[in-house]
Amino acid sequence: MELDFTAIAPYLHMLLTGAKITVQASVLSVLFGAFLGIIVGALRVVPIAPVRSIAAGYIYIIRGTPLLIQLFLIYFGLPSLGLNLPAFIAGIIGLSINSSGYVGEIVRGGIEAVPKGQWEASKVLGLSYLKTMRFIILPQAIRNMLPAIGNEFVTLIKESSLLSTLAITELTMVGQQVRSVTYASFETFIVVGIIYLVLTSVTSLFLRFIERKWNVS
Amino acid sequence: MEISVEGNTSDSSVSHQSAIDVKGLYKSFGRLSVLEDISLSVKEGEVVSVIGPSGSGKSTLARCICRLERIDSGEIYLYGQRTDGQKHSNSDIARLVGMIFQQFNLFPHLSVLDNLTLSPMRILGLSREEAQENAMALLKRVGLEEKQNARPNQLSGGQCQRVAIARALAMSPKIMLFDEPTSALDPELVGEVLEVIAGLVDSGMTMMIITHEMMFAKEVSDRVLFMADGNIVEQGHPKKIFTSPEVPRTQIFLQRLLAHFGKELTEGEKRGECSHGA
């Protein structure tokens, strides 16, 4: 067989528009997911056992079920409770919640990697648990976590392709549309794949840059 | 080094109020009993050194006093207030007692100056300007004012410990506890830290120093406690403990040390004695 990319050339701008939606969805989900994940991760280590258990249960469920099912529950399931969310919002919420489970586990690891002496020094200097967390532990933990968080962001960009199942016109969805018009399946999805690769590579480079900068200061 | 000389200029100025009172303290970790019925009283302005073999419970005692460890039973009073329960917040305790760790425990993500100003600003409610002014005065006192912008990883161990002492002093505690402050240091860095601690002794601070630096303990202390197996085996004036210990356990411990320190330790004192006796 021969590959003929000229057939999909007229639709390239559509794919790029789809890529823009993918980037928007990923960036928003990363931000909300990280925010939620830091809270979940922090709750995972509080000195109150029931709270720790709830956070652990949340992480257990999120990580133990497919993202696709989580998205379906939010988009198709919640309306039966009277909550109709626009597809894009439902998608962001689903991705954010999913990501928070993984980030939460990364945060827990990052917090536990901070030496015990830091807690002790904070305590004898009069800092409460929350102040110790905010001013002493988290700033150090985030530095420990940065590489793993970076991986999570890259994963999230790739997993955002599942948003196509909610009919969100992100990159994968647009790819399917282009394929159904051009019938050039192989070519279309090769281009789609390359666009994803560019997105994940740029993200990785950017994160590595931040890591390096952070480690110097 | 700037030193305020109140407290030990004359005996009469030393309050005989108890700074630390420990009564019937028991502490165990799991099935390992670490402290067994410890009772101890430290007067305001008094300098008490605690010596003894590893595992004797010295560190645990200090950690119980600053509430880093929960106690099993007994009572701990700081300036008359019972502090072993959960009634006091961390900040209440921090206003009474400062703690120096073997491993310094400086905050590595903060500059030296920020290490010193964090708690005064967040806990004591000082403005940034006030906190920095105090911090600079303290850094000057430990001889490190030029390191204000350095990160802890740019400092030597001795410098780290001096910063840690300044950081503890920034909370203006009434009592300072030292948990083997020089044990993690290279030998050539021990002197600079001991010098800073000696400066604090001269300023009249109430102090409890857990140390293996016997010559230092002998020089600066009003009283020496010898601990072994979770008990205070013997205590008294440093001269008495080091030259004529009464309890066989103390004698054995000091004889073993003698091999390292030579006769200097067990002979008469070199420097003038501290005026306020034990």
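Residues numbered from 1 in each chain as written. Chains lettered and ligands numbered in written order. Predicted model: local features only at pLDDT ≥ 70, side-chain atom pairs only at ≥ 80, totals over all residues. Heavy atoms only, no water.

K.L.:
Looking at this structure, I do not really get the pairing of strand β8 (residues 206-210) of chain B. What am I missing?
P.N.:
Residues and elements named next belong to chain B. Among the 5 residues of β8, 5 are classified as buried, and the element is accordingly described as predominantly covered. Side chains Thr 206, Met 208 and Ile 210 of β8 all project onto a buried face; the interleaved residues Met 207 and Ile 209 project onto the opposite face, where all are buried too. Where strand β3 (residues 47-51) lies against β8, 4 bridges are found, and the strand directions are parallel. The residue bridging Val 47 from the neighbouring strand is Met 207, located in β8. The pairing of strand β7 (residues 175-179) with β8 spans 5 bridges and is classified as parallel. Bridging from a neighbouring strand, Phe 178 pairs with Ile 209 of β8. As a crossover connection, the stretch from β7 through helix α6 (residues 187-202) into β8 is right-handed. (Buried < 20%, exposed > 50% of the residue type's maximum accessible area, 1.4 Å probe, protein only. Helix = DSSP H or I, 4+ residues; strand = E, 2+ residues; numbered from the N terminus. Pairing = 2+ DSSP bridges. Right-handed = clockwise from strand over helix to strand, strands pointing away.)

K.L.:
I keep staring at the pattern of salt bridges and nothing clicks. Help me out?
P.N.:
Where side chains of opposite charge bring their charged atoms close, a pairing between them can arise. Tallying each qualifying case throughout the model produces 10 salt bridges over all chains. In this structure, the salt-bridge partner of Arg 108 of chain A is Glu 112 of chain A, at a minimum N-O distance of 3.0 Å. Residue Arg 108 of chain A and its partner Glu 112 of chain A are both found in helix α4 (residues 87-112); the two are separated by 4 residues, about one turn of the helix. We classify Glu 112 of chain A as exposed; its relative accessible area is 51%. With a closest N to O distance of 2.6 Å, Glu 120 of chain A and Arg 63 of chain B form a salt bridge. With Glu 120 of chain A in helix α5 (residues 116-124) and Arg 63 of chain B in helix α1 (residues 58-65), this pair bridges two chains. Residue classification places Glu 120 of chain A among the buried positions, given a relative accessible area of 11%. (Salt bridge = Lys/Arg side-chain N within 4 Å of Asp/Glu carboxyl O.)

K.L.:
What should I look at first to understand the sheet that holds β7 of chain B in this one?
P.N.:
Through backbone hydrogen bonds, the strands of a sheet pair up, either in parallel or in antiparallel fashion. Residues and elements named next belong to chain B. Spatially, the 6 strands line up as an open sheet ordered β6-β7-β8-β3-β9-β10, and their pairing is mixed. Where the open sheet ends on each side, the last strands, each with one partner, are β6 (97-100) and β10 (231-236). The mean inter-strand angle of the sheet, taken between neighbouring strand axes irrespective of direction, is 20°. The sheet contact formed by β6 and β7 spans 4 bridges and is parallel. From the neighbouring strand, Met 99 faces β7, where its bridge partner is Leu 177. Running over the sheet, α1 touches β3, β6, β7, β8 and β9 (223-228) and is turned about 145° from β8. Contacting β6 and β7, helix α5 (residues 157-169) crosses the sheet at an angle of about 170° to β6. (Axes fitted to C-alpha atoms, helices over the stretch in contact; angles between N-to-C directions. Contact = heavy atoms within 4.5 Å.)

K.L.:
Can you walk me through the sheet that holds strand β1 (residues 18-29) of chain B in this structure?
P.N.:
All names here are of chain B. In spatial order, the strands read β2-β1-β4-β5; together these 4 strands make up an open sheet with antiparallel pairing. Edge positions in the sheet fall to β2 (32-43) and β5 (81-82), since each has one partner strand and no second. Where β1 meets strand β4 (residues 73-78), 5 bridges bridge the pair, whose relative direction is antiparallel. In the sheet register, Val 22 faces β4, and the bridge partner there is Ile 76. Each of β1, β2 and β4 is contacted by α1, which is oriented at about 120° to β1, the strand it contacts most.

K.L.:
Which parts of the structure should I look at to understand the confidence of the model for chain B?
P.N.:
When pLDDT is low, close inspection of the predicted coordinates is not appropriate. Looking at chain B as a whole, its pLDDT mean stands at 89, while 87% of the residues score no less than 70. A low-confidence stretch, residues 269-278 of chain B stays under pLDDT 50, and its non-local contacts, those more than four residues away or across chains, total 23 contacts. (pLDDT = per-residue confidence, 0-100.)

K.L.:
Got a minute to help me understand the layout of surface pockets in this structure?
P.N.:
The rolling of a water-molecule-sized probe over the atoms marks out the regions of remaining empty space. In this structure, the largest pocket spans a volume of roughly 640 Å³. Lining the largest pocket are 20 residues, with Pro 47, Trp 119, Lys 123 and Tyr 129 of chain A together with Leu 68 of chain B sitting closest to its centre. Element by element, the count of residues in the lining of the largest pocket is highest for α5 of chain A, at 4 residues. Here the lining of the largest pocket is built from residues that sort into 9 nonpolar, 4 polar and 7 charged. (1 Å grid on protein atoms, 1.4 Å probe; cavity = no way out; pocket = protein on both sides within 12 Å on 5 of 7 lines; lining within 4 Å. Points joined across faces, edges and corners; volume = space filled by probe spheres on them. Nonpolar A, V, L, I, M, F, W, Y, C, P; charged D, E, K, R; others polar.)

K.L.:
Teacher, can you tell me more about a nonpolar patch on the surface here?
P.N.:
Together, Ile 69, Phe 72, Leu 73 and Phe 76 of chain A give the surface a local cluster of nonpolar side chains, amounting to about 380 Å² of exposed area. Structurally, the position occupied by Phe 72 of chain A is in helix α3 (residues 67-77). (Patch = residues over 30% accessible without salt bridge, like charges linked within 9 Å, V, L, I, M, F, W, Y side chains within 5 Å. Areas by Shrake-Rupley, 256 points an atom, 1.4 Å probe, with all protein chains shown as cover.)

K.L.:
Sorry, what's going on with the interface of chain B and chain A here?
P.N.:
In this complex, chain B contributes 24 residues to the contact, which on the side of chain A involves 19 residues. When chain B packs against chain A, close to 1800 Å² is buried across both sides, 62% of that on carbon and sulfur atoms. Of all residues in chain B, the largest losses of buried area upon contact with chain A belong to Asn 90, His 109 and Arg 122 of chain B, amounting jointly to 29% of the total for that side. Taken together, the connections running from chain B to chain A amount to 1 salt bridge. Inspection of the chain B/chain A interface yields 9 residue pairs in polar contact (both at pLDDT 80 or more). Where the side of chain B that touches chain A is concerned, the elements lending two or more residues are α2 (90-96), β6, α3 (112-122) and α5 of chain B. Taken together, the residues of the side of chain B that touches chain A sort by class into 14 nonpolar, 5 polar and 5 charged. (Buried area = accessible area lost by both parts, 1.4 Å probe. Polar contact = N/O pair within 3.5 Å; in protein donor to acceptor, adjacent residues only side chain to side chain.)

K.L.:
Would you mind going over the nonpolar core with me for this structure?
P.N.:
Looking at soluble globular proteins, one finds that nonpolar side chains tend to be buried together. Grouped together as the largest cluster of nonpolar side chains are 70 residues, with contacts concentrated most on Ile 20, Leu 25, Leu 61 and Leu 177 of chain B. Take this core: its biggest share by element is 10 residues, from helix α6 (residues 129-159) of chain A. Apart from residues lying up to four places away in sequence, Leu 61 of chain B is in contact with Leu 25, Leu 35, Ile 38, Leu 40, Met 208 and Met 227 of chain B. Counting residues in hydrophobic clusters, the runner-up holds 39 residues, among them Leu 113, Ala 150, Phe 178 and Phe 216 of chain B. (Core = buried A, V, L, I, M, F, W, Y, C linked by side-chain atoms within 4.5 Å.)

K.L.:
Even after reading the chapter, I still don't get unusual backbone geometry, so can you show me in this structure?
P.N.:
Trans is the prevailing form of peptide bonds, just as negative phi is the prevailing case for residues other than glycine. The phi angle at Ala 167 of chain A is positive, at roughly 65°, despite the residue not being glycine. By the element assignment, Ala 167 of chain A lies in the loop between α6 and α7 (171-182). Of the residues examined, Ala 167 of chain A reaches a relative accessible area of 52% and is grouped as exposed. If you check the backbone angles, Asn 105 of chain B has positive phi at about 55° while not being a glycine. With respect to the helices and strands, Asn 105 of chain B occurs in the loop between β6 and α3. For Asn 105 of chain B, a relative accessible area of 12% translates into the label buried.

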